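So the chains spell out like this:
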Amino acid sequence: SAILAQAARRQGAIPIPYSCPFLCPARASSKPMAVYRLESRDWDSEKACRLREDVDECSSSSSDDGGKSSDDNREDGEGGRCGDRAWVCSSTRSVVLLGLAVCAVAALFCSMVRLNGWSGGSKVDTKLRTVSESKQPVALMALPGFGFGQAANISEASVSADVEAVTDGMWSWSKPWESWGGSAPRPAPLPPGVMPPAPLPAPTSPVPTPAPSSSTKCASLDAPENAACKKVIDWVVTGGGKWDPNASNWFSDMKTITGAEDYTTASTEDYQRMYYCSPPGGEQCGAPPCTCSNPPCDTCLAGAELVKRAGCDGGGAGDASMGIQCAPPKMPMDYKGMSWPPMTFRGVQEMHIFAIGDWGGMDGSLSPIEGRPPLIAYDGGGEKGPSVFPRTRWNRYHTIELCNHDHFVTCFNTRGKDCPKSCGFVVGVDDQPQQLVAQAMEARALMNKPQYILNVGDNFYWGGIEKTCGTPMHQLSYTAFHQFNQVFESVYSGPGLKDLPWLSVLGNHDWGGRQFNNGWDQQIAYTWHSKRWIMPAPYYMVPISYPDKMFTVDVYMIDSNVHDAKDPPKDSEHNICGSAHNPAGATCSSVGGPPSVEECPGFFKQLWDEQKTWLEGKLAESTATWQIVVTHFPCGEDGANQAWYRKLHTKLGLDLLVTGHRHDQELWLPTDLRNRMGGLTCIVTGGGGGITSEATPDPSHTQDWFGEAEYGFYDITITATHMKVESINYDGKVLKSTLVYPMLTR
């Protein structure tokens, strides 16, 4: 600020901070302000200090919200007042003196245009932003271009010359807004009580398919149901908010949601649609607009279409005449027990299957709807991509708590520096397990080239898709789209993985964890918005053939979440049906799910009973070489002290059981004392990394381990005569393996 002030005074102009015009209403003048950027050429801190000797830091006065003042943007850094940032301050109703005459004139200017209603509180800085890797500061300043002295006639050459003269050649200048015609429009202050939108990273994977319109009732922005979003949308559209320097971040998903090419030219209705689907800052509209740039206006993915699969020539929702892969059901339960079309893999090469579970971390960059809190548990959790959920750790027998959630959060926030030793927190592992396991999968996929992946559930922590159940099956909500993009598509996208089918089931957290009315139905719906996600119903089967290798496999995907659907008053922290966390009146009856909290346990009991009958019948009639069951709850947990799984193996020929839920890796051999399933080989692959593991991943402290690893996946080599099951650690090492042979009981 001191540099530009001295340079401007040589021109007879009056410089004001870039933050000052932000405080002044747009009605003050129709003429824009020319915005200039000063860039350091050869940064010299001693020289900069001399230039800034007369620039004093000023303090803000109390804001209107109870006298609170925010220092959220303050970063002193090293070097004290000659650090990497210079500060310009503002108060609630006026701009406080900044050094000599700079802020005095700015304050006078702002008062002349009647600065009213600013409640942004506190210090607004012209940040000396870093440029390149040398950490050289850049200051954003503004020169009024509407009648103050000679400001309107300043030439670029003269400003450049004066800046260089003042700084002994240390600084140069440029205009960062030249793409806007060389001038920057000035946003008005936010309305009282309205917070600016929070930055929202754009999704990284391709935009999926537009969906037909739903029956959601539309309304104008002035309607009562849109009172929560009206003020902020008015500020964005007519108050200049879309010209805020952060606007490109806030509205980066405008095109994805509304189809508008540019957020700066989007209509008021487009903004209403965006704030209905995914509101930056959380001020959600209660109803979509009735008109918009790219109808239908009540959907949240403009221009998308359902995935077109080979052999599918149309058909609406519920039309399975050409196979269930061709069209979504009308209701998420409609395809229960049906068969996905046969999958065929040709060639004489070695055939591989990967298995993984409990892999889906939290999407902290999501702008939640329905008044839900952000999915952020610790510092840095709001970054793009998944963040691991910190889970309490116990000893092996679950009698001693070693590390509670709050302890774990401290471990994350301090990078392990202020972390109880009993937590067993391993920096670089516990803070990024999903990414590490995905990298190990990618590396092994390049080597072994698997044909498909068995996914045992808990795909999104903490509570699955963060919206209420009930979205039409032919639509995908923006919430589901964002979570799938950030947690699934962008993580398992490397060579050898990105095109593989994921045969998937729901885990207890996908059903909501502690509230059953979350968007579990959207995970089923994603089947028809993705070419690789397969989950047409809570339970189904997939026949698979290897004609050149002369063997076949029947894979049965079942839902075992009845084991976490308890009486509502019981075990509230581990109960899908619990009365403590399910909202009053919770229901998914409109989509065939649990009708109420009271009826929730019965719903899951009925679902489990019908699956047991279905699976026994399917196994009895199977003629495949191999039979594999995939489900969420871990080895042995069948509700019958392992007796039912023992029956499936010894009487009906089940060859392999693939499970998860427990957050580690366990290969149960037929000879293990804990295995009472009649010789059935079983794996627990709950170490996918979406949640911290049961015990420390430190291999020198394994006393509390249930299995051979804490984070990882399984690689199954399958032939006509045997399966080789290998447990792969997060670092790619093979920790344990066994051979499985087909049961002769058929």
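Owing to the predicted nature of the structure, the values given are computational and were not obtained by experimental measurement. In every chain, residue numbers begin from 1 and rise along the written sequence. Under the rules for a predicted model, residues below a pLDDT of 70 receive no local features and side-chain atom pairs below 80 are neither given nor counted, while totals for whole chains, interfaces and linings still include all residues. Each side-chain value is derived from all of the structure's non-hydrogen atoms; neither hydrogens nor water enter the calculation.

Considering the layout of surface pockets
Operational definition: Using only the protein atoms, space was sampled on a 1 Å grid; points where a 1.4 Å probe fits but cannot get out form cavities, open sets with protein on both sides within 12 Å along at least five of seven lines form pockets, and lining residues are those with an atom within 4 Å of a point. Grid points are joined across faces, edges and corners, and a volume is the space filled by probe spheres set on the points. Nonpolar residues are Ala, Val, Leu, Ile, Met, Phe, Trp, Tyr, Cys and Pro. Charged residues are Asp, Glu, Lys and Arg, and all others, Gly as well, are polar.
Space inside the second largest pocket adds up to approximately 1100 Å³. Looking at the lining of the second largest pocket residue by residue, the classes come out as 14 nonpolar, 15 polar and twelve charged.

Structural notes on the pattern of salt bridges
In plain terms, the rule: Only one rule defines a salt bridge in this text: a Lys or Arg side-chain nitrogen within 4 Å of an Asp or Glu carboxyl oxygen. Runs of E in the DSSP output that reach at least two residues are strands. Runs of H or I that reach at least four are helices, and both are numbered from the N terminus. When a residue's accessible area, from a 1.4 Å probe over protein chains only, is under 20% of the maximum for its type it is buried; when over 50% it is exposed; and in between it is partly exposed.
In total, this model carries 24 salt bridges according to the counting rule given. E573 is the salt-bridge partner of R514, the closest N and O atoms lying 2.5 Å from each other. Linking R514 in the loop between β13 (502-504) and α13 (520-525) with E573 in the loop between β16 (551-557) and α14 (600-621), this pair joins segments that are 59 residues apart in sequence. Residue D571 is joined to K566 by a salt bridge in which the shortest nitrogen-to-oxygen separation is 2.5 Å. Residue classification places D571 among the partly exposed residues on the basis of a relative accessible area of 38%. Overall, K566 belongs to the partly exposed group, its relative accessible area being 25%.

Some remarks on the nonpolar core
To keep things clear, this is the line we draw: Nonpolar cores are built from buried Ala, Val, Leu, Ile, Met, Phe, Trp, Tyr and Cys residues. Side-chain atoms within 4.5 Å join them into one set. Throughout, a residue-residue contact means that at least one pair of heavy atoms, one from each residue, lies within 4.5 Å.
If you look at the biggest cluster of nonpolar residues, it comprises 135 residues, and the most contacted ones within it are Y271, L454, L503, I544 and Y546. For this core, the element with the highest residue contribution is α14, accounting for eight residues. With near-sequence residues (within four places) excluded, Y546 lies in contact with F345, M351, I353, Y452, F551, V553 and I718. Counting residues in each nonpolar core, the second largest holds ten residues, with Y378, F412, C419 and C423 among its members.

Considering the state of the cysteines
Disulfide: a covalent bond connecting the sulfur atoms of a pair of cysteines. Rules: Sulfur atoms of two cysteines make up a disulfide when they are within 2.5 Å.
For the structure on display, the rule yields ten disulfides. Each sulfur of the disulfide joining C292 and C297 lies 2.1 Å from the other. Between C292 and C297 the sulfur-sulfur dihedral comes to about -95°; the bridge is accordingly left-handed. The residues C292 and C297 share a single accessibility class, namely buried. A sulfur-sulfur separation of 1.9 Å characterises the disulfide bridge that pairs C403 with C423. Residues C403 and C423 share a disulfide whose torsion about the S-S bond is about 80°; that sign makes it right-handed. Placement of C403 in strand β11 (residues 401-403) and of C423 in the loop between α10 (405-413) and α11 (433-448) is noted, with a sequence separation of 20 residues between them. Across the pair, exposure class does not vary: C403 and C423 are buried alike.

Describing the sheet that holds strand β14 (residues 533-534)
Heads up, the rule is: Each pair of strands is called paired provided DSSP finds at least two bridges between the two strands. Axis lines are fitted through C-alpha atoms, for helices just across the contact stretch, and the angle between N-to-C directions can take any value from 0 to 180 degrees.
Reading across from one edge, β14-β13-β12-β7-β21-β22-β23 is the order of the seven strands in this open sheet, with mixed pairing throughout. Two strands lie at the open edges of the sheet, namely β14 and β23 (734-740), each paired on one side alone. Where strand β21 (residues 712-718) and strand β22 (residues 723-729) come together, seven bridges link them in antiparallel fashion. Paired with D715 across the two strands is E726, which belongs to β22. Against the sheet, α11 contacts β7 (351-356), β12 (452-455), β21, β22 and β23, and its axis sits at roughly 20° relative to β21.

Concerning the environment of Q475
One can find Q475 in the loop between β12 and α12 (478-489). Spatially, the C-alpha atom of Q475 lies 9.4 Å from that of A304, the residues being 171 residues apart in sequence.

Re the confidence of the model for the protein
Where we set the bar: Think of pLDDT as the predictor's per-residue confidence, scored from 0 to 100.
Residues at a pLDDT of 70 or more form 70% of the protein, whose mean pLDDT is 79. Segment residues 1-5 is flagged for pLDDT under 50; beyond a separation of four residues in sequence, or across chains, it makes 20 contacts in the model. For the stretch residues 199-214, pLDDT sits under 50, and the model shows 70 contacts to residues farther than four places along the chain or on other chains.

Focus on the packing of aromatic side chains
This is how the line gets drawn: Here is the rule: rings of Phe, Tyr and Trp (six-membered ring for Trp) pair when centre to centre is within 6.5 Å. Planes less than 30 degrees apart are stacked, more than 60 are edge-to-face, and the remainder are tilted. A ring is scored as having a charge over it whenever the NZ atom of a lysine or the CZ atom of an arginine sits within 6 Å of its centre and within 35 degrees of its normal.
Under the criterion given, the structure shown has 37 aromatic pairs. The interplanar angle of 75° and the centroid separation of 4.8 Å between the aromatic rings of F460 and F484 together place this pair among those described as edge-to-face. Here F484 lies in helix α12 and F460 lies in the loop between β12 and α12, a separation of 24 residues in the sequence. The buried category is assigned to F460, whose relative accessible area is 0%. Judged by relative accessible area, which is 0%, F484 ranks as buried. Site record: aromatic cluster; members linked through ring pairs are W359, F460, F484, F488, Y492, W502, Y526 and W533. Above the plane of the ring of W644 lies K612, whose end atom (NZ or CZ) is 5.4 Å from the centre. The side chain of R662 reaches across the aromatic face of F706, ending 5.1 Å from its centre.

Some details on helix α15 (residues 643-650)
Heads up, the condition is: Read the arc as the range of directions from the helix axis to the C-beta atoms.
Those residues of α15 lying buried are W644, Y645, L648 and H649. For α15, the arc enclosing every buried residue in end-on projection is 135°, short of the 170-degree limit, so these residues lie on one face. Where α15 is buried, its residues meet α14 and β18 (656-659).

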